[in-house]
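Each chain is listed here by its residues.
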There are 2 protein chains.
Amino acid sequence: MASGLRTLGSKAAAALDDELMSSGAFSIDQLMELAGLAVSQALYALSPPSKSPNVLIACGPGNNGGDGLVAARHLFHFGYKPTMYYPKQSKNELYQRLRTQLEQLKVSFTDDFPSAAQHTDYIIDAIFGFSFSGEVREPFPAVIQALAQSKKPVLAVDAPSSWNIEDGPPCDGPGKAYQPDALISLTAPKPLVKWFTGRHFVGGRFVGKEIAEKYGFDVPPYRGSDQIVEIGKNGEKL
Amino acid sequence: MASGLRTLGSKAAAALDDELMSSGAFSIDQLMELAGLAVSQALYALSPPSKSPNVLIACGPGNNGGDGLVAARHLFHFGYKPTMYYPKQSKNELYQRLRTQLEQLKVSFTDDFPSAAQHTDYIIDAIFGFSFSGEVREPFPAVIQALAQSKKPVLAVDAPSSWNIEDGPPCDGPGKAYQPDALISLTAPKPLVKWFTGRHFVGGRFVGKEIAEKYGFDVPPYRGSDQIVEIGKNGEKL
């Protein structure tokens, strides 16, 4: 579906991130904390812990995975029981700290995604984000396959993993048939939302109109002090 | 008023902060972002921008002031027009970045608090927090006096500035008659809430039951995915 909001392409999203962290003076800790909080609040809006207490969170090796690590911590505080699948752990100091924060809460980690996916109530796909292109490397093809075949609902972070940011679902491979139930776009929808048919949230409320105009996207129509907004086909608040 | 929740004394609050940033593996960027967001959401709950578009934020030289700098940025995104009073600026890299983030949004800074306080709709007191003790140093005595005499509503962050964290309002000086309209306690109420008579929020949702028990306070009764909760005299949600 089209989101009705102007989208932010892969290169523009990378340039915006660079600007926010250089002249914008943001730390990645700040941006990731707000992004991960938004992810957790979108899941709460989709399905509160009374309905889906167990959440399986698949984290990739980069920033998308970092958003997943932050989201898991907030979900724990909201009353969920998160389980992490995080097979390619970054040596970056921030990611190690985010992992430690989860360990302190005794959040469990699993090595077997397909099996864990059968025993959870909701799945968060935080594997690849706006910087993904090219091939899905091991061990993620089997994970994408499990996501594509999952009977459990899936919330994807910024992009359904394995989709091309501009061109949407791949022409072949496990991601071809992958259509998550929900998506949370961070900062702004990416062009791939044209191929996405589920419920659509936007989060990551840290950019004003001036920056949005510079990069050619729209500030999402947030309500009040909310950190997320669900949007319809024409960009309206739902 | 008593908050009905167990309180966190000055030394315990400092020890908890140390633990969160050492074995807890949090960065101050993360904690301050969540604290500042909670402050901004408490103000929104008290008075949305349609009612009080202009907000004057008095920031002290330490972490309480940093929470105010973060809150101002979020308030801008919520539709307020914040003005900053920040006379003793820290050379710490984080605080300089938080200031730059505001400058990028063209948030204005003032040197004249008493005058600005007459022309605003709401005031946030982010001068001193749980680590305050002893004397109010220049230029803040006149600011505390203006807060005490203000006809404009005031939201205090963690503590009404100049109050003793354990013993409440000072016996003399400008803070003796200072009673803000609202307070947001961060992580947990401090003992001074016994002398506070206004509306009381708690925010800073980053601690689980285990840590709360270790430090002898209660995890506040947050609702759903909210980052703040208003509490009554007996610790109940309002």
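Conventions adopted
Residues numbered from 1 in each chain as written. Chains lettered and ligands numbered in written order. Predicted model: local features only at pLDDT ≥ 70, side-chain atom pairs only at ≥ 80, totals over all residues. Heavy atoms only, no water. Helix = DSSP H or I, 4+ residues; strand = E, 2+ residues; numbered from the N terminus. Buried < 20%, exposed > 50% of the residue type's maximum accessible area, 1.4 Å probe, protein only. Contact = heavy atoms within 4.5 Å. Salt bridge = Lys/Arg side-chain N within 4 Å of Asp/Glu carboxyl O. Polar contact = N/O pair within 3.5 Å; in protein donor to acceptor, adjacent residues only side chain to side chain. Nonpolar A, V, L, I, M, F, W, Y, C, P; charged D, E, K, R; others polar. UniProt positions renumbered as here; feature names shortened; annotations may be inferred.

Asks: Before we move on, can you summarise the environment of Leu46 of chain A with the specific residues and values?
Replies: All names here are of chain A. Tracing the backbone through its elements, the reader meets Leu46 in helix 2 (residues 28–46). On the basis of relative accessible area, Leu46 is assigned to the buried category, the value being 11%. Residues Leu46 and Leu155 lie 109 residues apart in sequence; the distance between their C-alpha atoms is 8.9 Å. The contacts of Leu46, once residues within four sequence positions are left out, are Lys51, Tyr122, Leu155, Ala182, Arg199 and Phe201.

Asks: Residues and numbers for the interface of chain B and chain A, please.
Replies: Facing the 30 residues of chain B at the interface are 30 residues of chain A. The salt bridge involving Glu210 of chain A is made with Lys106 of chain B; its shortest N-O contact spans 3.0 Å. On inspection of chain B and its partner chain A, the count reaches 18 residue pairs in polar contact (both at pLDDT 80 or more). Of all the secondary-structure elements, those providing two or more residues to the side of chain B that touches chain A are helix 2 (28–46), helix 3 (63–78) and helix 4 (93–104) of chain B. Ranked by residue count, the leading element in the side of chain B that touches chain A is helix 2 of chain B, at seven residues. Of the residues belonging to the side of chain B that touches chain A, the class tally is nine nonpolar, 14 polar and seven charged.

Asks: Which residues make up the UniProt feature "domain: YjeF N-terminal" (unreviewed entry) in chain A, and what values go with them?
Replies: With numbering aligned to this structure, UniProt lists the feature "domain: YjeF N-terminal" (unreviewed entry) at residues 13–219 of chain A. Taken end to end, residues 13–219 of chain A comprises 38% helix and 16% strand; its first and last C-alpha atoms sit 14 Å apart.

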